[in-house]
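Observations on chain architecture
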Amino acid sequence: GAGVSQSPSNKVTEKGKDVELRCDPISGHTALYWYRQRLGQGLEFLIYFQGNSAPDKSGLPSDRFSAERTGESVSTLTIQRTQQEDSAVYLCASSLASGGAGGNEQFFGPGTRLTVL
Amino acid sequence: GNSVTQMEGPVTLSEEAFLTINCTYTATGYPSLFWYVQYPGEGLQLLLKATKADDKGSNKGFEATYRKETTSFHLEKGSVQVSDSAVYFCALRGFNNNDMRFGAGTRLTVKP
């Protein structure tokens with residue numbers, strides 16, 4: 001694809017409901033990242049995938065958050081039993097994976113704005 | 001673990017003023033360093049990067065030099081414009097992995 005896409009662009013849900021957020025990375029990008037950006041704040045790292053595996057899950061805020069990636073492409077971020085403090089923009093990014101001093105750029109999607117009522 | 005600390009905002013400048021946004025990092029090995037920019041209503045995009053010590057990244061009049069001795073990557077521009085108003089994020093990628101860490105962001109407002 002031309003860029004990283006995310007769906008839905010906006011999601012309003014009631015407290016306690018589960019939500020699934022989707023990310024389609026750029027074709028051929030083996031690294032995929034999820035971030036959370038609360039209103040007026042910086043990016044909070046959640047998780048990243050190298051291929052289909054997630055070497056670092058330390059950023060996930062609680063066990064209500066999980067993510068998976070299949071076929072080295074699409075990734076879904078699932079939030080169970082949503083709380084009001086989960087309201088934020090969830091950003092996905094992808095990059096080529098080279099390791100070493102490649103300095104590969106991350107390309108960001110437009111984000112999903114989640115509002116928990 | 002790796003981390004990035006950047007100057008808190010907001011920063012408000014007049015047009016043509018000199019800009020510095022400080023960024024320091026903590027990392028093992030030799031990370032790559034980035035500045036990303038988020039213009040109002042838009043997604044994050046790469047502004048510049050540097051992949052080894054003493055490298056200078058530059059783009060759109062902005063510059064940042066990778067200083068290993070001070071573990072810094074300060075962003076500078078000699079003469080800011082109103083169109084530079086945005087949020088700027090310093091970021092780091094570890095040498096042996098693709099783990100990215102971002103600073104909290106600095107909001108810049110440039111007034112005419």
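Check the entry above for the structure.
Since the model is a prediction, treat every value here as computed from it, not as a measurement.

What counts as what
- Residues numbered from 1 in each chain as written.
- Chains lettered and ligands numbered in written order.
- Predicted model: local features only at pLDDT ≥ 70, side-chain atom pairs only at ≥ 80, totals over all residues.
- Heavy atoms only, no water.
- Core = buried A, V, L, I, M, F, W, Y, C linked by side-chain atoms within 4.5 Å.
- Buried < 20%, exposed > 50% of the residue type's maximum accessible area, 1.4 Å probe, protein only.
- Helix = DSSP H or I, 4+ residues; strand = E, 2+ residues; numbered from the N terminus.
- Contact = heavy atoms within 4.5 Å.
- Pairing = 2+ DSSP bridges.
- Axes fitted to C-alpha atoms, helices over the stretch in contact; angles between N-to-C directions.

1. Observations concerning the nonpolar core
Residues and elements named next belong to chain B. If you look at the biggest cluster of nonpolar residues, it comprises 26 residues, and the most contacted ones within it are Trp35, Leu47, Leu48, Phe73, Leu75 and Tyr88. Those elements that place two or more of their residues in this core are strand S2 (11-14), strand S3 (19-21), strand S4 (23-26), strand S5 (32-38), strand S6 (44-50), strand S8 (62-65), strand S10 (86-93) and strand S12 (106-111). Looking at this core element by element, the count peaks at four residues for S10. Dropping the residues within four chain positions of it, Phe73 is found in contact with Cys23, Leu33, Phe34, Trp35, Leu48, Lys49, Ala50, Ala64, Thr65, Tyr66 and Cys90.

2. As for the sheet that holds S8(B)
All names here are of chain B. If you trace the four strands from one edge of the open sheet to the other, you get S3-S9-S8-S7, paired in antiparallel fashion. Both outer strands of the open sheet, S3 and strand S7 (56-59), are each paired with one neighbouring strand and no more. On average, adjacent strands in this sheet sit at an angle of 15° to one another, irrespective of strand direction. Bridge count for S3 against strand S9 (residues 75-77) is three bridges, and the pairing is antiparallel. Across the sheet, the residue bridging to Ile21 is Leu75, located in S9.

3. Topic: unusual backbone geometry
The peptide bond linking A:Ser7 to A:Pro8 adopts the cis configuration, its omega dihedral lying at -10°. For A:Pro8, the position within the fold is in the loop between strand S1 (5-7) and strand S2 (10-13). Residues B:Gly9 and B:Pro10 are joined by a peptide bond in cis, for which omega reads -5°. By secondary structure assignment, the location of B:Pro10 is in the loop between strand S1 (3-6) and S2. The backbone of A:Glu72 shows a phi angle near 50°, a positive value even though the residue is not glycine.

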